[in-house]
Amino acid sequence: MRLPIASGMATGAVALALYPLFQGGDWFWACLGIILVVTGVGLLGSRYTLPNWLVPPAQLLAVWLYLTAVFTGDETWAGLVPTKESVIALAKLLITGFADIQRYAAPVPANTGITLLTCGGVGLIATLVDLLASRLRRAALTGLPLLALFTVPAAVVSEPISWPTFIIAALGYLGLLAADGRERINRWGRAVLVRRTPSFVAPKPASDAGTLRLSGKRVGFTAIALAILLPALLPTLEPDPLFGFGVGNGKGKGGNSISIPNPIANLRGQLSLPSNSTVLTYTANDTFPRYLRLYSLDIFDGEQWTMTGPQGHPEDRVSEGPLPPAPGQAADMAVTQATIKIKVSEQVREPLRFLPLPYPASRVQIEGDWRADRDTLMVFSTEETAGGLGYEVVTTEPRPVPETLKEPAPARINERYLQLPGTIPREIRELARQVTERDSSQFEQAVQLQDFFTKKGGFTYNLSTQGHNGTALTDFMIHSRSGYCEQFAASMAVLARILGIPSRVAIGYTGGSYVSGEWQVRTHDSHAWPELYFEGAGWLRFEPTPGGSTGQSSATAPSYTRPRAVTAGDEPSTTPTSDSTASDLPSGSARDRRDQMLDRDFGGVPLPVDEGVPLAMRIGIGTVAVSLIALIPGMLRWELRARRRRSYSREMNAPAEAPPVPDSGVVEVRANRQEPAVGAAWAELDDMLCDYGMSRQPSESPRALARRLAEQYGFDTEAGAAMARIATAVERMLFARTPGEIGSLAEDLRRVRRALAATVTRGRRIRAVLLPPSTLLRARRLGTRVLDGFDRLENLRLRRPARRNV
């Protein structure tokens, strides 16, 4: 009965390692429930001695019923019995969960689909563990499914797994092995452990199985030791996401991961008044200003906007050629091509791992390993920072014609950029439809949303407003209608998704000020704005934040959203003021009136990057690492032989007798310095025989051993004489009062080694060098002594002193 319980406890202990993958702990209670269900069915199977083949199907059926009742209970009959509708709903949740795993970065929100996938996986692992331990009685093999569960966070999250988590998981596995050992003892009888018990150790009763050195204990301690030592010896390779999905997180310098700011987490309300320092300068061949984007946020969970982790593949290095094509931009779309030269200041406050770029950039020329994310065209690096760098960008900005932007967005865009939580207030959903015309096209509705924020809605620009979660957005759009770029951008993106328009939030800088023939972008130009998707044009910038002297002075609405929209035949002017209004090109003096800045100290959102280590290189590194580990026994044997050789290679003189003490007749014999040297030579001979697969009988005297080896292996005259001299030296050292003169035994041992090596196969000789059995036996004996020590600790009992009757 203990094995099903131990199996469930081991699965639960290992499942704790999944905590870094999720936000909150609700998922764990659902997984705990499914573990209890599997354990309960296993207990019933053991209690009523059901056939072993019947219990796993019963557990899988129980898992299905549990998942159906918990996740699709409304579609079941009586809340438990599956129906056709519940099966379909469960399948849809599985598909949604799998898509969410690919979309979210860890820690992921524990939504229904992801929790369902996690519970199902944990249930299958629990069933497999119970099958191996309780039905097939192969408890040691349960380490394989438990290890598969344990490696999920190790493969997705590059942060090291905490020691408490590792210890709890290891104890769960050890407990299962110990339970298996005790079960075997109770079934087949008690094994006898012969050991002399010290006086301070209280003997256990004969029926207590805890005194036995169980095989499970040995396996468990060996597994823990290997888990601790091997990672320290092997080279670190950044894991790829398990099964090729998920994005994971990472921190640290270089390597395969970077830590970037959370673009919006600390933006709300954390405004200060430092100096308005220059972030970068740029020039354009058409002299027009351009918004420079750093980050693209595509996930809104009801509380904040976050970003899916960008992927940087080797073929997406910007040095390899043009960037990937802009998503959704048709080949026949009229574009304005411009070349922009950007110089980032060396005094930027935070290391810039992402390049400020106009969207969409088609080519970037910069030194270093910078890579482009194909979905968002963000360019980033794990090794470089943009501070002090200069680079050149070619941008191909679309010139959309609103009347042609009527094609629906593809399903993959809608699936990713229309996601909204169910907690969006009803007032917000109604507001989106109230401020737009129902019969208008999606592009026209987007312009109407922009006008609602900038003209018709009565909104004011206020840097003191804080927050962009559900409550703050409701207050901003319904009640106060006062905020800054964060609230304006987040609100318009949410309203656009309600209307079915794919949207995301961009974080970066506005175009800056035109000073002395170049554009200067300062910290006060930090900005957030929405980007909306229209098939044929791709992602288009909109500007809901009020501009001019009453708003964010550097914010400008794009020309295609104004009444005089740029058509396909229009050409942009070549001077900053020829086709611009005051709101297009804000002056430095206007912006200097701003008394607060947008702080870009946003916190940390780590993101992984595929370093693209070639498979051949990975295999080569792994092979070298394994080879080095395999050489450790041979190196230890070589070091021990060298240490012994230094001892028995010296000339060994007999100990001299000191002159007799006057009037005593006693002769003092000095210490014998030959014994360590002869002992080293004898120990080397003993290891040599072990390495070549030969044996020395415990009852054999040195002379008998020399005679047997010479006769059995056909030693020549020199080898036989050398073996005889070694045996004689040992016997004289053991039995003679004064062993006399003993020369160096190094040459004799060398002859004997060559003679023994000539009698074995080449494979045996190679093994004697690379994996010497004598070294492996020493390691085994050391492990045995360590486990014996644990046994003695386990057997310690405190005894009360016996009372004395006076």
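The structure under discussion appears in the preceding block.
Scoring rules and cut-offs
Residues numbered from 1 in each chain as written. Predicted model: local features only at pLDDT ≥ 70, side-chain atom pairs only at ≥ 80, totals over all residues. Heavy atoms only, no water. Helix = DSSP H or I, 4+ residues; strand = E, 2+ residues; numbered from the N terminus. Buried < 20%, exposed > 50% of the residue type's maximum accessible area, 1.4 Å probe, protein only. Contact = heavy atoms within 4.5 Å. Areas by Shrake-Rupley, 256 points an atom, 1.4 Å probe, with all protein chains shown as cover. Core = buried A, V, L, I, M, F, W, Y, C linked by side-chain atoms within 4.5 Å. Patch = residues over 30% accessible without salt bridge, like charges linked within 9 Å, V, L, I, M, F, W, Y side chains within 5 Å. Salt bridge = Lys/Arg side-chain N within 4 Å of Asp/Glu carboxyl O. Phe/Tyr/Trp six-rings, centres within 6.5 Å; stacked < 30°, edge-to-face > 60°. Lys NZ or Arg CZ within 6 Å of the ring centre and 35° of its normal. Pairing = 2+ DSSP bridges. Axes fitted to C-alpha atoms, helices over the stretch in contact; angles between N-to-C directions. Lys, Arg positive; Asp, Glu negative; His and termini not counted. Charge placed at Lys NZ, Arg CZ, Asp CG, Glu CD.

1. Quick notes on the overall build of the protein chain
Now for step 1: The number of helices and strands found in the protein chain is 22 helices and 20 strands.
Now for step 2: Looking at the 806 residues of the protein chain, the share that counts as buried comes to 48%.
Now for step 3: Pairs at least 24 residues apart make up 76% of the contacts formed inside the protein chain by residues separated by at least 6 positions.
Now for step 4: Working note: accessible area of the protein chain is about 40,200 Å², and carbon and sulfur atoms make up 57% of it.

2. With respect to the nonpolar core
Now for step 1: Membership of the largest hydrophobic core comes to 77 residues, with the highest contact counts inside it found for I342, L355, V364, Y391, F453, F534 and F542.
Now for step 2: Top contributing element to this core by residue count: helix α13 (residues 485–498), with 10 residues.
Now for step 3: Ignoring sequence-local partners within four residues, the contact set of F534 consists of G328, L405, Q442, F443, A446, I501, L540 and F542.
Now for step 4: Of all hydrophobic cores here, the second largest spans 42 residues; its members include I35, Y66, I101 and Y173.

3. Comments concerning a nonpolar patch on the surface
Now for step 1: Residues V624, L628, L631, M635, I766, V769, L770, L771 and L776 make up a contiguous nonpolar surface patch of about 790 Å² in total accessible area.
Now for step 2: No other element matches the three residues that helix α21 (residues 762–770) contributes to the nonpolar patch.
Now for step 3: Along the polypeptide, L631 turns up in the loop between α15 (615–630) and α16 (632–648).
Now for step 4: A relative accessible area of 35% means that L631 is categorised as partly exposed.

4. Some words on the packing of aromatic side chains
Now for step 1: Counted under the stated rule, the structure contains 26 aromatic pairs.
Now for step 2: Ring geometry for Y19 versus F28: centroids 5.8 Å apart, planes at 35°, classification tilted.
Now for step 3: Through a chain of ring-to-ring contacts, three or more aromatic side chains come together here, namely Y19, F22, W27, F28 and W29.
Now for step 4: One cation-aromatic arrangement involves R504 over Y359; the distance from NZ or CZ to the ring centre is 5.5 Å.
Now for step 5: Across the ring face of W539, the terminal group of R504 is positioned such that the distance to the ring centre comes to 4.0 Å.

5. What about the sheet that holds strand β15 (residues 503–509)?
Now for step 1: With antiparallel pairing, the four strands of this open sheet are ordered in space as β5-β15-β18-β19. The open sheet terminates on both sides in strands that have one partner only, identified here as β5 (292–297) and β19 (538–541). Direction aside, the axes of adjacent strands within the sheet are offset by 35° on average.
Now for step 2: When strand β18 (residues 526–534) meets β19, the two strands line up antiparallel, connected through four bridges. In the strand pairing of β19, E531 is matched with R541.
Now for step 3: In the packing of α13 onto the sheet, the strands contacted are β15 and β18, and the crossing angle to β18 comes to about 15°.

6. Side note on a negative patch on the surface
Now for step 1: A cluster of acidic side chains, namely E403, E437, D439 and E444, defines a negative patch on the protein surface.
Now for step 2: Along the chain, E444 turns up in helix α11 (residues 442–456).

7. Looking at the sheet that holds strand β9 (residues 361–365)
Now for step 1: Read from one edge of the open sheet, six strands run β9-β12-β8-β4-β17-β16, paired in antiparallel fashion. Edge positions in the sheet fall to β9 and β16 (513–515), since each of these pairs with one other strand and no more. Looking at each pair of strands side by side, their axes are set apart by 30° on average, direction ignored.
Now for step 2: Inspection of the sheet shows β9 paired to strand β12 (residues 390–398) by four bridges, in the antiparallel sense. By the bridge assignment, V364 is partnered in β12 with V393.

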